[in-house]
Amino acid sequence: MKIIAVIGAGTMGNGIAHVFAQNGFQVNLIDISEASLEKGLSTIGKNLDRMLYKEKITEAEKESTLKNISTFTQVKIGVENTDLVVEAATENLEIKLNIFKDLDALCDAKTILATNTSSISITQIAAVTQRPEKVIGMHFMNPVPIMKLVEIIRGYSTSDEVTQTIMDLSQKLGKTPTEVNDYPGFVANRILMPMINEAVETLFHGVAGVKEIDTVMKLGMAHPMGPLQLADFIGLDVCLSILNVMYNGFKNPKYAPCPLLVNMVMAGKLGVKSGEGFYDYSESRKAEKVAAQFSS
């Protein structure tokens, strides 16, 4: 494989593009928004600068990584002659199905189509294409340049050859691929999201406050980040979407999202990306923290 297309320049998309480009692949980063592409490239540049500062890469490696990335606002041009397309659009079934219908029509017959979905059925996505054997889940973890795991999810028709190709490719990226089967939430989110949801329920029922719940999990369970802070980092809308996929898929009430989570998403309190979730990430709050540091 030489040419990789990544659909979506958001948090996951730019991270995936970064990792492929850093490992010598030519990457076509595609987004309908020019502003999103510019922001994505800026994020990649900042992450490379951070790695350079920590002496994990050289200046030459930084420059070669950036040179390996081309940007496109037109999918048709961006996916031309690609060996693999990795879709990293928002976690919405209708959007993903429409993207894969288009990709199937636009891409060469040899092209493997992968999705970075964190919960949606690979089999359902593959069913809208004429190449279900070449459709696979490639679920990277956030932040992509740092996290080692890639969940490799086989749809019902995904071929052994395609699965092995993507497993080998993930290893070339310095990742640890782990093959799982196609059920709602796969492994990572089937375990993680009920834990986050239970933390929200614990807050909802007044058992403890936000910081107290996170402190218990960090210090008592050795988690690097508390579940409510992690939910803010993931995005509360994404957490809600994944829980809904599992609830609808299993018809089991244990996956039903907490009413507090539902209300927060409806109110636009999505976590880090909106400036407020369980914690306050607003500019005014940041200014208060800086002022407190100087006054202490």
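This is a predicted model, so every value here is computed, not measured.

Go over the UniProt feature "site: Important for catalytic activity" (unreviewed entry) in the protein, please, and point to the residues and values.
As annotated in UniProt, the feature "site: Important for catalytic activity" (unreviewed entry) corresponds to His139 in the numbering used here. The contact partners of His139, leaving out residues within four places of it in the chain, are Thr115, Asn116, Thr117, Ser118, Leu149, Val150, Glu151, Ile153 and Asn189. There is a polar contact of 2.8 Å between the side chain of His139 and the side chain of Glu151.

Which residues make up the domain arrangement of the protein, and what values go with them?
Along its sequence, the protein is carved into domain 1 (3–181) and domain 2 (189–290). Taking only C-alpha atoms, the centre of domain 1 and the centre of domain 2 are 26 Å apart. At the junction of the two partners, domain 1 supplies 7 residues and domain 2 supplies 5 residues. Taken over both partners, the interface formed by domain 1 and domain 2 buries close to 490 Å², and the fraction arising from carbon and sulfur atoms is 56%. Per-residue buried area on domain 1 facing domain 2 is highest for Glu91, Ser118 and Ser119; these three make up 63% of the total on that side. Our enumeration of links across domain 1 and domain 2 arrives at 0 salt bridges. For the pair domain 1 and domain 2, the interface holds 2 residue pairs in polar contact (both at pLDDT 80 or more). The class makeup of the residues in the side of domain 1 that touches domain 2 is 2 nonpolar, 4 polar and 1 charged.

Describe the pattern of salt bridges, listing the residues and the values that go with them.
Using the criterion set out here, one finds 10 salt bridges in the structure. Each of Glu87, Glu91 and Lys96 takes part in a single network of salt bridges with overlapping partners.

Which residues make up unusual backbone geometry, and what are the values?
For residues besides glycine, phi is generally negative; the peptide bonds are generally trans as well. Here Asn142 and Pro143 are connected by a cis peptide whose omega angle stands at 0°. Secondary-structure assignment places Pro143 in the loop between strand E6 (135–140) and strand E7 (149–154). Within the chain, Phe186 stands out as a residue other than glycine whose phi angle is a positive 55°. You can see Phe186 is positioned in the loop between strand E8 (176–181) and helix H8 (188–204). We classify Phe186 as buried; its relative accessible area is 4%. For Ala222, which is not glycine, the phi torsion reads 60° and is therefore positive. Its place among the elements puts Ala222 in the loop between helix H9 (210–221) and helix H10 (227–234). Note on Ala222: relative accessible area 65%, which makes it exposed.

What counts and how
Residues numbered from 1 in each chain as written. Predicted model: local features only at pLDDT ≥ 70, side-chain atom pairs only at ≥ 80, totals over all residues. Heavy atoms only, no water. UniProt positions renumbered as here; feature names shortened; annotations may be inferred. Contact = heavy atoms within 4.5 Å. Polar contact = N/O pair within 3.5 Å; in protein donor to acceptor, adjacent residues only side chain to side chain. Domains from an automatic or database assignment. Buried area = accessible area lost by both parts, 1.4 Å probe. Salt bridge = Lys/Arg side-chain N within 4 Å of Asp/Glu carboxyl O. Nonpolar A, V, L, I, M, F, W, Y, C, P; charged D, E, K, R; others polar. Helix = DSSP H or I, 4+ residues; strand = E, 2+ residues; numbered from the N terminus. Buried < 20%, exposed > 50% of the residue type's maximum accessible area, 1.4 Å probe, protein only.

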